[in-house]
Amino acid sequence: MKVIEVRNLNVMRNGRLVIRNANFEINKGDYVGIIGPNGGGKTTLLLTILGQLPRLSGTIKLFEKDIEEFNEWEKIAFIPQDAINFDNNFPITVKEFVSLGRLGKNKIGRRLNKEDWEEVNKALEFMGISDIANKRIGEISIGQKQRMFLAMALVRNPELIILDEPISNVDPITQEKFYKKLSDLNYKEGKTILVVSHDLSAVFCRMNKVICVNVDVNIAEIKENTDIQGILRKAYGEHFYFVFHKHECKGEFEND
Amino acid sequence: MIELLSYQFFQNAIIGGCLIGIICSWIGLFLVLRRQVMIVDGAAHTAFGGLALGLLLGIDPFITALIIVIISILIINKMKAFTDSAIALMLAIGFSIGLIIISITRGFSIDIFSYLFGSILTISREELLIISIVTIFIAIFLLLFHKELIAITFNERNARIMGIPVDLISNIFNLIIAITIILSIKIVGVILIVALITIPALTALQIKTSFNNTVIISVLIGVIGVILGIFISALYKLATSGVIVFILVSIYAIVYLYSKIEIIKRRTS
Ligand SMILES: Nc1ncnc2c1ncn2[C@@H]1O[C@H](COP(=O)(O)OP(=O)(O)OP(=O)(O)O)[C@@H](O)[C@H]1O
Ligand SMILES: [Mg+2]
């Protein structure tokens, strides 16, 4: 099944073309890294796919439905890049906040039941933030905030997970654990995952597709014989050089 | 003091005041967090124009006021990029129209005074019944959509992406604001409604606890302020709305000082 299908997409922001003629599809079970320079259009692309920015032209389908008709948002978990920039005075505890992840179209006006709270506790535990569950969200560190958003995404039990640089401030052990979790969700449960990341090793070791965004949008499958250098130069320019060998992934990523 | 309670009008005032106190301080928390309390102030002042219009046309002034308030909230929301200017504009238009109508007719100056500053001791049985029924409906909505309202207040765009029907819930919430303003006119009058909306929530926010506790504390403070205000104003023959607001501000000051002392204590220990 095609989870995301983008055809001839053009997006303007402030009178400038930011996404030019994007064409790609993401299938169920894909694990996709989105890379590209700052200002390249990664966030713009994601927000457009999620129906939050107007298109100049082109079509977007989510779960094989036109974005205009799509309404199964409970299937999607999204963490925006600016998620952690919230008002620190907002009166809510980490646990209350994570429980908001259980909200969705079909659950409107429903009270959370025991199962919901079990899921919340599991997610808190998994992200290692059980001990701060009753702290207010304005009183935790930035890395802890990111863990909290990740817990909120997990608690949705989504089919499609879209993360815009979700772990830039998370410590390496938790990053590794989170990538592992995403891999598990992807392998074992067939979840479709899109992650914006500047961690190229993580992208090429763990993921099966890469989307390079720099106004132009290019998608490639990551295989043994993929021309990684070529892909990266499309996004970062002709002089970009990144040494990468698939065998280096072993040990670095697969030891647990 | 106790014998006051045996009077029907006093019972009506206490019950009606408490119900309005609950609703104002509850929705007030969301408005304070959204930095939108001034919308209430602007809309409440246009209610004054609406009341005068109703009196002029011989229609129930609360109905014309409700319509005008809804329209002004819609306009304020339309001018999103310039919300504060929109509020100032609506406030000025609504109030000046009210003044013009009053100066044309001159006849109903006493009514106008009670609309501006409330007349809680004149709540009738029928009015109390209406306030009670509306309060129940509003409370059911707020309870049912509690988490959705938190999510929308926290981040509207992300709430949309989660599939929450943001527009529907926001529209109902705006309608509730309009109705609350109208119902509050009797209690505190158009000028001081914004205080009943803002101060309990601001006070509760000082306490820095969970969202649910913040709601409960805000509502408790609203109710305490109204009850104490009615009693004290009745005992000393003072303007009720003024006393209510004064007590709310006093509670705020006490909680503020207390929280500062707590911080200093923690630092020194
Ligand atoms: N709110 C905005 N209004 C107008 N233009 C914007 C806005 N946000 C971004 N842009 C423009 O759109 C282009 C793409 O920005 P975008 O945020 O999508 O890049 P990005 O790839 O996500 O960058 P980063 O790696 O820094 O997050 C940039 O040229 C930027 O100037
Ligand atoms: Mg970005």
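Each value, and the rule that gives it
As a convention, each chain's residues are numbered from 1 in the sequence order in which they are written. Chain A is the first chain written and ligand 1 is the first ligand written, with later ones labelled in order. With pLDDT at 70 or above as the cut-off, local features in this predicted model cover only qualifying residues; side-chain atom pairs require 80 or more to be listed or tallied, and sums for whole chains, interfaces and linings still use all residues. Hydrogen atoms and water are omitted, and side-chain values are computed over all heavy atoms in the structure. pLDDT is defined as a per-residue confidence score from the predictor, taking values between 0 and 100. Residue contacts follow a heavy-atom distance rule, with two residues in contact if any of their heavy atoms lie within 4.5 Å. A 1.4 Å probe defines the accessible area here, and the buried area is the portion of it lost by two parts on being joined, summed over both. Salt bridge, as used here: a side-chain nitrogen of Lys or Arg that lies within 4 Å of a carboxyl oxygen of Asp or Glu. In protein, a polar contact requires one atom able to donate a hydrogen and another able to accept it; more generally it is a pair of N or O atoms within 3.5 Å, and residues adjacent in sequence count only if both atoms are side-chain atoms. Only DSSP runs of H or I reaching four residues or more are called helices, and only runs of E reaching two or more are called strands; each is numbered from the N terminus. Listed donor atoms are N, O and S within 2.8 Å of the metal (Na, K and Ca: 3.2 Å). As water is not included, a site may look incomplete. Note on classification: 1.4 Å probe, protein chains only; a residue is buried when its accessible area is under 20% of the maximum for its type, exposed when over 50%, partly exposed between these limits. Strands are treated as partners if at least two bridges between them are detected by DSSP. Consider the strands pointing away from the viewer: the crossover is right-handed when the path from the first strand over the helix to the second runs clockwise.

K.L.:
Help me out: how do you make sense of the confidence of the model for chain A in this one?
P.N.:
In low-pLDDT regions, the fine details of the predicted coordinates are not to be read closely. The predicted model of chain A averages 90 in pLDDT, with 95% of residues at 70 or higher. Overall, residues 252–256 of chain A carries pLDDT values under 50, and its contacts beyond four positions in sequence, including any with other chains, amount to 9 contacts.

K.L.:
How should the interface of chain A and chain B be read in this particular structure?
P.N.:
Quite often, the size of an interface is put as the accessible area lost when its parts meet. Facing 34 residues of chain A, the contacting portion of chain B comprises 25 residues. Of the roughly 2500 Å² buried between chain A and chain B on both sides combined, carbon and sulfur atoms contribute 67%. Taken together, chain A and chain B are joined by 2 salt bridges. The partner of Arg157 of chain B in a salt bridge is Asp82 of chain A, with the nearest N and O atoms 3.8 Å apart. Where chain A meets chain B, there are 7 residue pairs in polar contact (both at pLDDT 80 or more). Among the elements of the structure, helix 2 (94–99) and helix 4 (142–155) of chain A are those that each provide at least two residues to the side of chain A that touches chain B. In terms of residue count, helix 2 of chain A provides more of the side of chain A that touches chain B than any other element does, 3 residues in total.

K.L.:
Before we go on, may I ask you to explain the coordination of the magnesium ion (ligand 2) in this structure?
P.N.:
Under ideal tetrahedral coordination, the four donors around a metal are separated by 109.5 degrees; under ideal octahedral coordination, the six donors are separated by 90 or 180 degrees. Looking at the magnesium ion (ligand 2), one finds its protein donor set to be Thr43 of chain A (OG1) and Gln81 of chain A (OE1), positioned 1.9 to 2.1 Å from the metal centre. Taken together, the residues span a long stretch of sequence, with Thr43 of chain A in helix 1 (residues 42–49) and Gln81 of chain A in the loop between strand 6 (76–79) and helix 2 at a distance of 38 residues.

K.L.:
I tried to follow the pairing of strand 8 (residues 192–196) of chain A on my own but got confused; where do I start?
P.N.:
For a regular strand, side chains alternate in direction, first toward one face of the sheet and then toward the other. Residues and elements named next belong to chain A. Burial analysis of strand 8 places 5 of its 5 residues in the buried class, the great majority of the element. Taking every second residue as pointing to the same face, both faces of strand 8 are buried, with Thr192, Leu194 and Val196 on one and Ile193 and Val195 on the other. Here strand 3 (residues 31–35) runs beside strand 8; their pairing, made up of 4 bridges, is parallel. Its bridge partner being in strand 8, Val32 is matched across the sheet by Leu194. Relative to strand 8, strand 7 (residues 160–164) is paired through 5 bridges, and the arrangement is parallel. Considered in strand 8, the bridge of Ile162 is made with Leu194. Handedness of the crossover joining strand 7 and strand 8 through helix 5 (residues 172–189) is recorded here as right-handed.

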